[in-house]
Structures are given as structure tokens and as C-alpha cells.
Amino acid sequence: MGQESKKDTNMYNQLMERLSSKLCLECQSCVVSCPYDSLEMGKKSPVLKDECKNCGLCITRCPQFSRKGKESERIFKKEEDLGTLGSYKNAFSARSKVQKISKRAQDGGTITTILYNLLDDGFIDGAIVTGEGNEPWKPKGRLVTEKEDLLNYEGTIYSLSPIIQTLKEASEKRKKRKLAIVGTPCQVQALRRMEVGKESSKKLVSNIKLIIGLFCMESYPYENVVETVEKKLNLKIEDITKFDIKKGKLIAETEQKKEKIPVKEMKPLMYSFCETCLDFSSELADLSIGNVGAPKSHNVLLPRTEIGEDALQIADRQNLEIEKLEDIKPGLSLTRKLSEKKKQNRLEEIKKRWKEDKPIPPKILNCPNCGEKLSKSYSKTYFCDFCKKYYTIN
């Protein structure tokens, strides 16, 4: 008679068993949250560098285990359906009035101008943004404390940078206590997970005064960007002066020319975890910013919290041209359309993975009560064998 199998009590092993490297967001919230400094970031997921003490913070701080609805309720104090763009207080179209910013800007130069004004006002004492690392277009988190230095970090890098690791360095080594941080939807979700509890991670994020979230359809690992540029576009990565995505095309610019590739051809090259992400507009941010729905050379602004509104009010005092989006074309209808498209496509992928028994984020198919994996029942209904409850997952 065989022995009854026992559940692995090692929390790190549980994390990796339920998450898998293909679902890890590489956000490093687990790494910076570990009070024993037992984790470090490997190539695509966290690895142990010391003994796991089984505190469990690696799991509780992982955004892939968190249901966004619960986070929305905590942040926005709303339980009702918040719609495809989440909760927001207003919608604006904006662009910079600072020529040296708008001249080099990706679209409207709005993020740079907002941070520029907030640093000038003293509302923040530093901004964590993404810049180039030691290799051309390889992303690295950067702490900016002087407003003029923001001009060095305009434009978009379509790979993720370790901004949460930069947050730790800015807080612990540079002693910054009023930070703005700019990130993608998944990074925003990670920061929100770190707000809960009494541990060091909560103390770390308490140094953040403003979370700015980007609109994001998907991102790409750095090596895939390099491969696309050099093998498909026949350009050198070091010659690229700007990347952009317009009208379904990824555009790479040099001083001499522009080359384009359909985004649909880039789909197989995205981060694997992007394939199951349902958030387009950074629904948990204080202030969300993107270009979808805005006129040419403008950005859409969605202040979601009081602190987001306060920051925008300060930023609007100078250097920013801003107006209500409701009477401007194409407007929020296009923003909603793209957000809904992302959600529908990702849900189809999730359903496909479920049928093929491929990795799915635990937050989607784990019991919200006990955390155990749900069993398929019928249609969109799942059953928890431990709680004896049915759940409907749309």
C-alpha cells in the first residue's frame, strides 16, 4: 500500500509549482518583499539564494495570485462592475507645452511634463522611470531627482524594466520618501499587492506618492526585440533612435529611415505572461496614461484616485495643455474598444489553456476563499473541493 502524498510545505516550492516560469511577471515583488533576502531574480523567475524560511510573502506579494476585483474594491471602495477601463474620475486629452519635451516626445510628452512639474513643485522628491541600461534599448529602472534629467528618458521601450528593484534602492539607499513610479499594468498590480500587510514590503511602497500606469497591449523580451530589429527589419539595434506602435505596426526609426512590421507578426514574441493579462489601461494606477483615443501628438489621461487628481492639478498649473476628452475624437470609445479586445483575446487564450491543461495564472482559476485550484464543472462554472462551493468565472 503506497504512502499518501503530502503537500509540499516549502513556500518557495509552492510558489513555483503553482506559478511556473512562463507565468512569472519578472516584477520582483517577491524578491524585494522577502524579509530574509533569500530570493534573487533568475533569468525568467525568482530563484533561491539562501534557505526558504517559509514566511509565505513570496506568494502573498505575487500579483498573479491576486484577484483584481478585490484590489479594486480596496483601492476605489467600489464593489460594482467598474467597466472595461476600471474606475476613473475623469478623462482628459493632454500634451506638453514645453518645446524641448514635445520635440523629443513619443506622443504628447505628457508623462515627462507631469513629472517635470511635480519635481519642480516638490510634490515628489524623485521619479522612477525606464531608461536604457548598458546595452542599446535594454531597459533599466532609473531614479530621476532633477527635472532636467527627465529629458534623457523620453520615448517608449517595449520591454519591462525592474522598477520595483529600483524602488528598493531609491528608498533604502537614497532615502527617497515621496516617489512617483511609472509602470505597466502588471507592474502596477505588483505594487498594489505590496501595499497589504505590515511587512517591509508595505513600508517600501509607502514611499510611493503616485503610481502612473501605462496603457499596454503587450511587451516583448529584450532579446526578441533585438532579433526583430536585426533579422526582420535588417537594422542594427544601436542605430535605432525611436520605437513606436501605430495603426497595428511596430515602427523602428533610425536617423536615415523607418522600418515597420505588423504587430500581429510580433505576437509569438511577446512575454508569455502577456498572453493571459486582462488589463489594458493600468486599472489600479492613481493616474493612467496612453495614446489610444487621443488626437495626434496628445495623450489620454485617466485620473483614478484623489492623489491622481491632486498630481494632475499641480501638473496642470503650467506647461501642460489639457482639456476634457468627452468632446474630442476619437475619444474613450476607441480606448474602450481596444481594452475590450485585449480582454476578449486573453480570455480565449485562458480558456484554450484550461482545455489543454497548460499554465494559467493562479488568480484566475484558484478558489478566492482557500486558494486551492478549482475543478472544472460545466460551462463557466468551477468547483472548490475544499470549500464545497461553485464559482462562475467569466
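Each remark here, short or long, concerns the structure printed above.
Everything in this summary refers to the structure shown in the same document. (Residues numbered from 1 in each chain as written. Predicted model: local features only at pLDDT ≥ 70, side-chain atom pairs only at ≥ 80, totals over all residues. Heavy atoms only, no water.)

**A look at the sheet that holds strand β13 (residues 320-324)**
What links the strands of a sheet is backbone hydrogen bonding, and the strands pair in either a parallel or an antiparallel sense. The strand order β5-β4-β6-β7-β11-β12-β3-β13 describes an open sheet built from eight strands, whose pairing is mixed. Every other strand in the sheet has two partners, leaving β5 (139-144) and β13 as the edge strands with one partner each. Between one strand and the next, the sheet's axes are offset by a mean angle of 30°, whatever the strand orientation. Bridge count for strand β7 (residues 208-214) against strand β11 (residues 287-290) is three bridges, and the pairing is parallel. (Pairing = 2+ DSSP bridges. Helix = DSSP H or I, 4+ residues; strand = E, 2+ residues; numbered from the N terminus. Axes fitted to C-alpha atoms, helices over the stretch in contact; angles between N-to-C directions.)

**Quick look at the packing of aromatic side chains**
Within this structure, the stated rule accounts for three aromatic pairs. When the ring of W137 is compared with that of F243, the centres are 4.9 Å apart and the planes differ by 80°; the resulting orientation is edge-to-face. Separated by 106 residues along the polypeptide, W137 in the loop between β4 (126-132) and β5 and F243 in strand β8 (residues 242-246) bring together distant segments of the chain. Judged on exposure class, the residue W137 and its partner F243 are both buried. Ring centres of F215 and F280 lie 5.3 Å apart, and the angle between their planes is 45°; this geometry places the pair in the tilted category. With F215 in the loop between β7 and α10 (222-232) and F280 in the loop between β10 (258-262) and β11, this pair connects stretches of sequence that are 65 residues apart. Here F215 falls in the buried class, since its relative accessible area comes to 13%. On the accessibility criterion, F280 (3% relative accessible area) is buried. Its guanidinium or amino end placed over the ring of F123, K209 lies 4.1 Å from that ring's centre, counting from NZ or CZ. (Phe/Tyr/Trp six-rings, centres within 6.5 Å; stacked < 30°, edge-to-face > 60°. Buried < 20%, exposed > 50% of the residue type's maximum accessible area, 1.4 Å probe, protein only. Lys NZ or Arg CZ within 6 Å of the ring centre and 35° of its normal.)

**Focus on a positive patch on the surface**
Taken together, the side chains of K247, K249, K260 and K296 define a basic patch exposed on the protein surface. Here K249 lies in strand β9 (residues 249-253). (Patch = residues over 30% accessible without salt bridge, like charges linked within 9 Å, V, L, I, M, F, W, Y side chains within 5 Å. Areas by Shrake-Rupley, 256 points an atom, 1.4 Å probe, with all protein chains shown as cover. Salt bridge = Lys/Arg side-chain N within 4 Å of Asp/Glu carboxyl O. Lys, Arg positive; Asp, Glu negative; His and termini not counted. Charge placed at Lys NZ, Arg CZ, Asp CG, Glu CD.)

**Section: the packing of helix α6 (residues 110-121) against helix α11 (residues 306-315)**
For the pair α6 and α11, interaxial distance at closest approach is 8 Å and the crossing angle is 85°. Classified by the angle their axes make, α6 and α11 are roughly perpendicular. Along its contact with α6, which presents I114, N117, L118 and D121, the element α11 presents A311, L312, I314 and A315. In terms of residue class, the contact of α6 with α11 is made up of six nonpolar, one polar and one charged. (Parallel < 35°, antiparallel > 145°, perpendicular 65-115°, else oblique. Contact = heavy atoms within 4.5 Å. Nonpolar A, V, L, I, M, F, W, Y, C, P; charged D, E, K, R; others polar.)

**Details of the nonpolar core**
Counting 47 residues, the largest nonpolar core has I164, L167, I181, L191, Y220, I240 and F243 as the members making the most contacts within it. Elements with a contribution of two residues or more to this core: α4 (68-76), α7 (163-172), β6 (179-183), α8 (185-193), α9 (200-205), β7, α10 and β9. In contact with L191, other than residues within four places in its own chain, are I164, L167, I181, V205, I208 and I211. Core analysis: the second largest hydrophobic core is formed by 28 residues, V98, I101, Y116 and L320 among them. (Core = buried A, V, L, I, M, F, W, Y, C linked by side-chain atoms within 4.5 Å.)

**Remarks on the packing of α7 against α8**
With their axes 10 Å apart at the nearest point, α7 and α8 run at an angle of 45° to one another. Between α7 and α8, the crossing angle belongs to the class labelled oblique. Every residue of α8 that contacts α7 at I163, I164 and L167 is listed here: Q187, A190 and L191. Grouping the amino acids of the contact of α7 with α8 by side-chain chemistry returns five nonpolar, one polar and no charged.

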